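Examining the three-dimensional arrangement
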Amino acid sequence: MAKDKTKRESRKSVRQSGWITLDGGFAARPCEVLDLSSSGAKLVLAETESLGARLRLGFSRDARQGRPCEVVWRSGSTLGVKFVN
């Protein structure tokens, strides 16, 4: 599989508390946002196995305030998401 040669957007290290909500607005769970860019984020969660491919990331527990995301990679308790519409 060829690697994408385009330059990745710069990410800002934020180490901020966030909330993951599963697609459909159920089961808000806390996470830590390690870094953030306009196109995605790197997150740490206590448990990632039950997460589907689509979720919502927000900085409050209110799911309506978050941004829809797609999981693009997983490694243990860390995952990368890209923001989608």
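Residues numbered from 1 in each chain as written. Predicted model: local features only at pLDDT ≥ 70, side-chain atom pairs only at ≥ 80, totals over all residues. Heavy atoms only, no water.

Looking at an unreviewed UniProt entry, the protein carries the name PilZ domain-containing protein, with the source organism given as Rhodopseudomonas palustris.

1. A look at the overall build of the protein
In terms of regular secondary structure, the protein is built from 0 helices and 6 strands. When the helices and strands of the protein are listed from N to C terminus, the series reads β-β-β-β-β-β. Burial statistics for the protein: of 85 residues in total, 32% are counted as buried. Look at the contacts in the protein between residues 6 or more apart in sequence, and 44% of them connect residues 24 or more apart. As displayed, the protein offers around 5700 Å² of accessible surface, 49% of which is attributable to carbon and sulfur atoms. (Helix = DSSP H or I, 4+ residues; strand = E, 2+ residues; numbered from the N terminus. Buried < 20%, exposed > 50% of the residue type's maximum accessible area, 1.4 Å probe, protein only. Contact = heavy atoms within 4.5 Å. Areas by Shrake-Rupley, 256 points an atom, 1.4 Å probe, with all protein chains shown as cover.)

2. Observations regarding the nonpolar core
Of all hydrophobic cores here, the largest spans 14 residues; its most connected members are Ile20, Leu43, Leu57 and Val81. For this core, the leading source of residues is strand β6 (residues 78-83), giving 3 residues. Each residue touching Leu57, except ones within four places of it in the same chain, is listed here: Trp19, Ile20, Cys31, Val33, Ala41, Leu43, Gly66, Arg67, Cys69 and Phe83. (Core = buried A, V, L, I, M, F, W, Y, C linked by side-chain atoms within 4.5 Å.)

3. Side note on the pattern of salt bridges
Tallied over the full model, the rule gives 4 salt bridges. Across the pair Glu47 and Arg29 runs a salt bridge, and its minimum N-O distance is 3.3 Å. Taken together, the positions of Glu47 in the loop between β3 (40-44) and β4 (54-58) and Arg29 in strand β2 (residues 26-36) put the pair 18 residues apart, joining distant regions of the chain. Across the pair Glu70 and Arg54 runs a salt bridge whose closest N-O atoms are separated by 3.0 Å. Remark: Arg54 occurs in strand β4 and Glu70 occurs in strand β5 (residues 67-75); sequence separation between them is 16 residues. The exposure class of Arg54 is partly exposed, given its relative accessible area of 34%. Three or more residues are tied together by salt bridges with common partners; here these are Arg54, Glu70 and Lys82. (Salt bridge = Lys/Arg side-chain N within 4 Å of Asp/Glu carboxyl O.)

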